[in-house]
Amino acid sequence: MFSRIALAAAAGLLAAACASTPAAGPDGAATAPAASDGTAAATAPASASAVTVLNIAATSHWAAEENLVPDDPVLALVGGSTRNTDTPLGVQASCNAANGGITMRIGKQDPARAGQSATFRLRTGASTRDISGKFEVIRRSPDTHFSFPITSADLLGLGQLDIVSIVSDKGDVEWSLVKDAGAPVQAKHIGSLKDFETAARDFLVYCNPK
């Protein structure tokens, strides 16, 4: 289980995320809040060339699985009514149960980039954050993934948002995860945030170093 301090920190992050999440504009992009000087805060625009090649927003959800050593706990986007994380649909997180370290993995990346490092951006509403990671191929998946570390508090925070987007170092919106399957977003791949909050909490319990 989390310590009380960790839970308090996560609760603070969730409250901030909820308070700062702006309303969506007519094009599905978030409307930027005003900055302290009265000007509009800048937002990262969607790639003008974003063409959706996979939209599973209406047919996917999140599930967590504890798994036993030598396998690690997994949080994954899965399809239909399944809760089998052995066949994720492109986005997943795994935990090193020995030390609690969490790695988020964004699939369906260019195989030619395997082994390279890059800096993507995590976009949540009007806020963006640089995420440094590496392209890699993992066991049980034919995909090349962009993998990066994420904290438990940030993972929980994602479940409070309506739209989360991953923007590549080339400016392409690789993935958008949405609570509303009908949300008008532009991204190469669109998945759901359905059940993310509950599954993430279960995952973090499984992730607790033994």
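Heads up: the structure comes first, above all this text.
No experiment lies behind these values; they were computed from the predicted model shown. (Residues numbered from 1 in each chain as written. Predicted model: local features only at pLDDT ≥ 70, side-chain atom pairs only at ≥ 80, totals over all residues. Heavy atoms only, no water.)

Comments concerning empty space enclosed by the protein
Step number 1: What the rule picks out here adds up to one cavity of 30 Å³ or more.
Step number 2: Of the voids in this model, the largest cavity is the one considered here, and its volume is about 80 Å³.
Step number 3: Along its surface, the largest cavity is lined by Val91, Met104, Ile106, Leu122, Phe148, Leu158, Val164, Ile166, Trp175 and Leu177.
Step number 4: Elements that contribute at least two residues to the lining of the largest cavity include exactly β5 (101-109), β9 (163-167) and β10 (173-178).
Step number 5: Here the lining of the largest cavity is built from residues that sort into 10 nonpolar, no polar and no charged. (1 Å grid on protein atoms, 1.4 Å probe; cavity = no way out; pocket = protein on both sides within 12 Å on 5 of 7 lines; lining within 4 Å. Points joined across faces, edges and corners; volume = space filled by probe spheres on them. Helix = DSSP H or I, 4+ residues; strand = E, 2+ residues; numbered from the N terminus. Nonpolar A, V, L, I, M, F, W, Y, C, P; charged D, E, K, R; others polar.)

Focus on the sheet that holds strand β11 (residues 189-192)
Step number 1: Within the open sheet, the 11 strands sit side by side as β1-β11-β10-β9-β6-β7-β8-β5-β4-β3-β2. Their pairing is mixed. Pairing within the sheet leaves two strands with one partner each, and these edge strands are β1 (54-55) and β2 (60-65).
Step number 2: With six bridges joining them, strand β4 (residues 91-96) and β5 adopt antiparallel strand pairing. If you follow Ala93 over to β5, its bridge partner there is Met104.
Step number 3: Taken strand by strand, helix α3 (residues 196-207) contacts β2, β3 (74-79), β4 and β5, and its axis lies near 15° from that of β2. (Pairing = 2+ DSSP bridges. Contact = heavy atoms within 4.5 Å. Axes fitted to C-alpha atoms, helices over the stretch in contact; angles between N-to-C directions.)

Considerations on unusual backbone geometry
Step number 1: Despite not being glycine, Lys108 has its phi angle at roughly 65°, a positive value.
Step number 2: Position of Lys108 relative to the elements: it lies in strand β5.
Step number 3: With a relative accessible area of 34%, Lys108 lands in the partly exposed category.
Step number 4: Positioned with a positive phi, Asp195 is a non-glycine residue whose angle comes to about 70°.
Step number 5: Residue position: Asp195 is located in the loop between β11 and α3.
Step number 6: Since its relative accessible area comes to 35%, Asp195 is described here as partly exposed. (Buried < 20%, exposed > 50% of the residue type's maximum accessible area, 1.4 Å probe, protein only.)

As for the nonpolar core
Step number 1: Formed by 34 residues in total, the largest nonpolar core has its most connected members in Trp62, Leu75, Met104, Leu155 and Phe203.
Step number 2: When residues in this core are grouped by element, the largest group, six residues, is from α3.
Step number 3: Residue contacts for Leu75: discarding those within four places in its chain leaves Trp62, Ala63, Ala64, Gln92, Ala93, Leu155, Phe196, Ala199, Ala200 and Phe203.
Step number 4: Ala57, Val167, Val178 and Val185 belong to the second-largest nonpolar core, a separate cluster that totals eight residues. (Core = buried A, V, L, I, M, F, W, Y, C linked by side-chain atoms within 4.5 Å.)

Regarding the state of the cysteines
Step number 1: As enumerated under the stated definition, the model contains one disulfide in all.
Step number 2: The residue that forms a disulfide with Cys95 is Cys207, at a sulfur-sulfur distance of 1.9 Å. Given an S-S torsion of about 80°, the disulfide between Cys95 and Cys207 has right-handed geometry. Note that Cys95 is positioned in strand β4 and Cys207 in helix α3, a separation of 112 residues in sequence. (Disulfide = S-S within 2.5 Å.)

Observations regarding the pattern of salt bridges
Step number 1: Here the structure, examined in full by the defined rule, presents six salt bridges.
Step number 2: Here Arg105 and Glu136 are joined by a salt bridge, their closest N and O atoms 3.0 Å apart. Within this pair, whereas Arg105 is found in strand β5, its partner Glu136 is found in strand β7 (residues 127-137), the two being separated by 31 residues in sequence.
Step number 3: Linking Arg113 and Asp169 is a salt bridge whose minimum nitrogen-to-oxygen distance equals 2.8 Å. Placement of Arg113 in the loop between β5 and β6 (117-124) and of Asp169 in the loop between β9 and β10 is noted, with a sequence separation of 56 residues between them. (Salt bridge = Lys/Arg side-chain N within 4 Å of Asp/Glu carboxyl O.)

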